[in-house]
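One-letter residues, chain by chain:
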Amino acid sequence: MKRDTLLTHAGRNPHANHGIVNPPVYHASTVLYRDLASYEAAMKKREYGKTYYGLMGTPTTFSLEEAVAKLEGAFRCRAVGSGLAAITAPLMGCLKAGDHLLMLDSVYAPTRRFCDGMLKRFGVETTYYDPLIGADIATLFRPNTRVLFLEAPGSHTFEMQDIPAMAAAARKAGITTMMDNTWASPYYFRPLEHGVDISIQAATKYFCGHSDVIMGTISCNEQSVEAVEAGVRDLGFFASPDDCYLVLRGMRTMAVRLPRHWESGLKLARWLQQQPEVDRVYHPALPEDPGYAIWKRDFSGATGLFSVGFKAIPHAAFAALVDGMKLFGMGASWGGFESLILPAYPAGVRTATKWNAPGPLLRIHAGLEDSEDQIADFDAGFQRLRAAMRSAAE
Ligand SMILES: *Cc1c(COP(=O)(O)O)cnc(C)c1O
């Protein structure tokens, strides 16, 4: 099945459920056993996809996990309660005290906090690396390096990583690779096909698509399944059946949503490039972008998230643009149907690389509004910015 067909059909079995198109929502804590023999058999050999206790999943969870696993080309997917949990569970499942972890410098900020806080307290050492290091990542491998963590493009700053080269170097050294692939989603990039062991998705974003669910998915190959299961099971992570239902429902329309986010985002990015106050647009699908060649080689599409960097402008002028936006709400998260902006401050969080952009950075999510209305909203914003600069100069 091709990916659009998968999105429409995977994880559904209508005739097992009265012919109803979508799987039902099963709520469960307790699961009952008929007799001692069936209880003892179940406890002896736990099989994925069978119901033992609500925490381990219900048929609703398994429907979503089956659909995601097929889309990712994975041996197994597990759904957990947040995108962040989908990052921390496999890290906890793979790492032990004394291990070394390689983490990109432009990682999603809460992942960094987890490494610097909890992982450090449990005796795991993290080295941050330049996201553009490529195959030279092998120079940072140590005998105790256990995990190489990847994310492309980087959060807020959109560096593209040479995933196949880095994953191949790690595999040769026996190091497990994990990739936070939330930006492209497996619709436009399948990490496992490029040598990555564990693919992580904040399902909160494009899988859900409607800004009303927090969830994460962990998809892995057969070698990594024990570590992933251990992380999820021993931490007690869980995705609620109602939310699994909503995410599966959101995924059914990804094939029409994502191309539109991509197209509108790119139109807005090109328009922004023409504004004299703009220093640079950070979007790997722009031919001028340093990540373009890798994006073109490895990814089959782009989504609606990118950043715009300004020249050195007064803070009040930046505020004048941001504060009057009508369609672009200001807030965290992205991947829903609506447009968003979020100021980003990469200079303060990096340790392996320097962030020297001349002015403020604004992350943009292009939603599903009419593209001309989106551009008009920014056009009015730049007029406010210019007025604020003129009055500052007077
Ligand atoms: C939002 C996000 C996450 C975390 O997802 P939550 O569901 O909010 O925990 C992880 N990685 C990336 C790249 C994200 O953008």
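Everything that follows concerns the structure shown earlier in this document.
Since this is a predicted model, take the numbers as computed values, not measurements. (Residues numbered from 1 in each chain as written. Predicted model: local features only at pLDDT ≥ 70, side-chain atom pairs only at ≥ 80, totals over all residues. Heavy atoms only, no water.)

Caption draft 1: Region of the structure containing empty space enclosed by the protein. Per the stated rule, a full pass over the model turns up 1 cavity of 30 Å³ or more. Taken as a whole, the largest cavity holds about 30 Å³ of empty space. Counted by class, the lining of the largest cavity contains 3 nonpolar, 1 polar and 1 charged residues. (1 Å grid on protein atoms, 1.4 Å probe; cavity = no way out; pocket = protein on both sides within 12 Å on 5 of 7 lines; lining within 4 Å. Points joined across faces, edges and corners; volume = space filled by probe spheres on them. Nonpolar A, V, L, I, M, F, W, Y, C, P; charged D, E, K, R; others polar.)

Caption draft 2: Molecular detail of the pattern of salt bridges. Going through the model one piece at a time under the given rule, you end up with 17 salt bridges. Here R78 and E229 are joined by a salt bridge, their closest N and O atoms 3.0 Å apart. Separated by 151 residues along the polypeptide, R78 in strand β1 (residues 76–80) and E229 in helix α8 (residues 225–235) bring together distant segments of the chain. The same class applies to R78 and to E229, which are both buried. D289 serves as the salt-bridge partner of R280, at 3.1 Å between the closest nitrogen and oxygen. When its relative accessible area of 7% is taken as the criterion, D289 is described as buried. Because the salt bridges share partners, they merge into one network encompassing E65, R76, R78 and E229. (Salt bridge = Lys/Arg side-chain N within 4 Å of Asp/Glu carboxyl O. Helix = DSSP H or I, 4+ residues; strand = E, 2+ residues; numbered from the N terminus. Buried < 20%, exposed > 50% of the residue type's maximum accessible area, 1.4 Å probe, protein only.)

Caption draft 3: The arrangement of the sheet that holds strand β11 (residues 340–344) in detail. Sheet architecture is open: 5 strands sit in the order β8-β9-β12-β11-β10, paired in mixed fashion. Whereas interior strands pair on both sides, the edge strands pair on one side only; in this sheet they are β8 (278–282) and β10 (329–330). Summarising the sheet, β10 and β11 pair through 2 bridges and their orientation is parallel. Residue pairing for β11: M330 is matched across the bridge by I341. Where helix α12 (residues 315–323) meets the sheet, its contacts fall on β9 (305–310), β10, β11 and β12 (361–365), and the angle it forms with β12 comes to roughly 10°. (Pairing = 2+ DSSP bridges. Contact = heavy atoms within 4.5 Å. Axes fitted to C-alpha atoms, helices over the stretch in contact; angles between N-to-C directions.)

Caption draft 4: Spotlight on the site of the ligand. Surrounding the ligand, one finds 14 residues, the nearest of these being G83, L84, D180, T204 and K205. Interatomic distance of 2.6 Å between a side-chain N/O atom of D180 and a nitrogen atom of the ligand. Take K205: an N or O atom from its side chain is 2.7 Å from an oxygen atom of the ligand. Burial of the ligand by the surrounding chains reaches 89%, relative to a free accessible area of 380 Å². Judged by its atoms lying within 2 Å of the grid points, the ligand is housed in the largest pocket. Per-element accounting of the shell around the ligand gives the leading share, 3 residues, to helix α4 (residues 83–94). (Near = heavy atom within 4 Å. Polar contact = N/O pair within 3.5 Å; in protein donor to acceptor, adjacent residues only side chain to side chain. Areas by Shrake-Rupley, 256 points an atom, 1.4 Å probe, with all protein chains shown as cover. Sits in = over half its atoms within 2 Å of the grid points.)

Caption draft 5: Fine view of helix α9 (residues 241–251). Along α9, the residues that are buried comprise P241, C244, V247, L248, G250 and M251. Check the buried side of α9 and you find it contacts α1 (3–9), α3 (59–72) and α10 (254–273).

Caption draft 6: Region of the structure containing the pairing of β12. In terms of burial, β12 is a largely internal element, 5 of the 5 residues being buried. Of the two faces of β12, both are covered, the one formed by L361, R363 and H365 as well as the one formed by L362 and I364. With 5 bridges joining them, β9 and β12 adopt antiparallel strand pairing. Residue pairing for β12: F306 is matched across the bridge by I364. Inspection of the sheet shows β11 paired to β12 by 5 bridges, in the antiparallel sense. Bridged to P343 within β12 is L362.

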